[in-house]
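The primary structure of each chain is shown beneath.
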Amino acid sequence: MPLNVRQVENAKCPSNKPMKVFFDADGLSLRVTKNQMKSWIVQYQLNGKRNNVSIGSYPKVSLVDARKECSVIKKMVSDGKDPKIVRQMQKAEVAASETLETIKNLKTLSSKQLEKINEYVEKYQNVPGALLPLMHAIQDDFGFIPEESYKFISKAYNLSIAEIHGFVTFYHHFRTHLPGKNILQICRAESCQAMGSENIENYCQEKLGINYHQTTEDNLITLEPVYCLGNCACSPAIMINKEVVGRVTPKKIDQIISKARED
Ligand code: FES
């Protein structure tokens, strides 16, 4: 059965904007909307009903490829298959295999952790600016933002992996690795710097044998920079786990580290 070409010059795109429609001899139509999003639309008639199916956008799909796809659709129609339904099934298969792939890539997360991430994703899905509270919730629970969760979040929030990665790495608060048992944060903001925080950070790095964003070999202490702990009056300040300590000296640091190692 030949494809039925129908001209719909007064058609409107879903956002109700008028669109121009150009037709090709093979039954292909190139639909051009006001925002210049162009898609190839094949119109066909099956069992007396008219329908159309999109086969991609131009120029991503070239005219040559569109013609080839058009022949495939013609064959489907002549075999009595509905191209729209066949394509929907193909899309569903791809989506299912991508979901499977996503789950496989989450191999380092337990099913419980996966459930938790899912819970947080759903909780913030409709909240404006959801990414920030979502990441806080995940980090508060897991101690870091597992990279394996990016794919999962990107699907749910319709963002690219690069956007999520950019977001996580933009805020120094977010970690991409599991920290040690204790987190020692040293304030590097103005007031603390003026009061000698640089000496404190050098002292800590030397004593622990690590740099910022690293964890000691015994996995007990992770060293991180922070930018103001709200304790400027008592600079230089540090935070050990959730406890802020002011007027820090190397002696105080020794005590803090020994205590953290003992606990
Ligand atoms: S600058 Fe360090 S606590 Fe404010």
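Preceding this section is the structure that the text describes.
Please read all numbers here as calculations on a predicted model, not as lab measurements. (Residues numbered from 1 in each chain as written. Predicted model: local features only at pLDDT ≥ 70, side-chain atom pairs only at ≥ 80, totals over all residues. Heavy atoms only, no water.)

A look at the pattern of salt bridges
Threshold: The term salt bridge refers to a pairing of a side-chain nitrogen on Lys or Arg with a carboxyl oxygen on Asp or Glu at a separation within 4 Å. Think of it this way: any DSSP run of H or I at least four residues long counts as a helix, any run of E at least two long counts as a strand, and we number them from the N terminus. Exposed residues in this analysis have more than 50% of their type's maximum accessible area, buried residues have under 20%, and partly exposed residues fall in between, with area computed by a 1.4 Å probe over protein chains only.
Evaluated as defined, the whole model comprises six salt bridges. Here Glu224 and Arg175 are joined by a salt bridge, their closest N and O atoms 2.4 Å apart. You can see Glu224 sitting in strand 7 (residues 221–226) and its partner Arg175 sitting in the loop between helix 6 (161–170) and strand 5 (182–187), a full 49 residues away along the chain. Taking relative accessible area as the criterion, Glu224 reaches 5% and is therefore assigned buried. Arg175 gets classed as buried once you look at its relative accessible area, which sits at 13%. Across the pair Arg188 and Glu201 runs a salt bridge whose closest N-O atoms are separated by 3.0 Å. Note that Arg188 is positioned in the loop between strand 5 and helix 7 (190–194) and Glu201 in helix 8 (residues 197–208), a separation of 13 residues in sequence. Classification of Glu201 by relative accessible area gives buried; the value is 8%.

Considering the sheet that holds strand 5
Neighbouring strands of a sheet are bound in pairs by backbone hydrogen bonds; such pairs are parallel or else antiparallel. Counted only if it meets this: Strand pairing requires that DSSP identify at least two bridges connecting the strands. Contact between two residues is taken to exist if any of their heavy atoms lie within 4.5 Å; hydrogens are not considered. Axis definition: a line fit to C-alpha positions, over the contact stretch in the case of helices; interaxial angles, taken between N-to-C directions, run 0 to 180 degrees.
One open sheet accounts for five strands, arranged 6-7-5-8-9; its pairing is mixed. Two strands close off the open sheet at either side, each with one partner strand: strand 6 (214–215) and strand 9 (243–245). Its contacts with the sheet place helix 9 (residues 250–262) against strand 5, strand 7, strand 8 (238–240) and strand 9, and it is angled at close to 15° to strand 8.

Things to note about the packing of helix 4 (residues 131–142) against helix 6
Test applied: Should an angle fall under 35 degrees it is taken as roughly parallel, and over 145 as roughly antiparallel, whereas 65 to 115 is taken as roughly perpendicular and any remaining angle as oblique. By definition, any crossing whose near helix is turned counterclockwise from its far helix by less than a right angle is left-handed, and any crossing with a clockwise turn is right-handed. Residues are grouped as follows: Ala, Val, Leu, Ile, Met, Phe, Trp, Tyr, Cys and Pro are nonpolar; Asp, Glu, Lys and Arg are charged; every other residue, Gly included, is polar.
Relative to each other, helix 4 and helix 6 sit at 70°, their axes nearing to 11 Å. Between helix 4 and helix 6, the interaxial angle falls into the category roughly perpendicular. In terms of crossing hand, the pair formed by helix 4 and helix 6 is right-handed. Where helix 4 approaches helix 6, its residues Leu131, Leu132 and Met135 are matched on the opposing element by Ile164, Phe167 and Val168. Across the contact of helix 4 with helix 6, the residue classes break down as six nonpolar, no polar and no charged.

These values are about where atoms sit, not about what they do.
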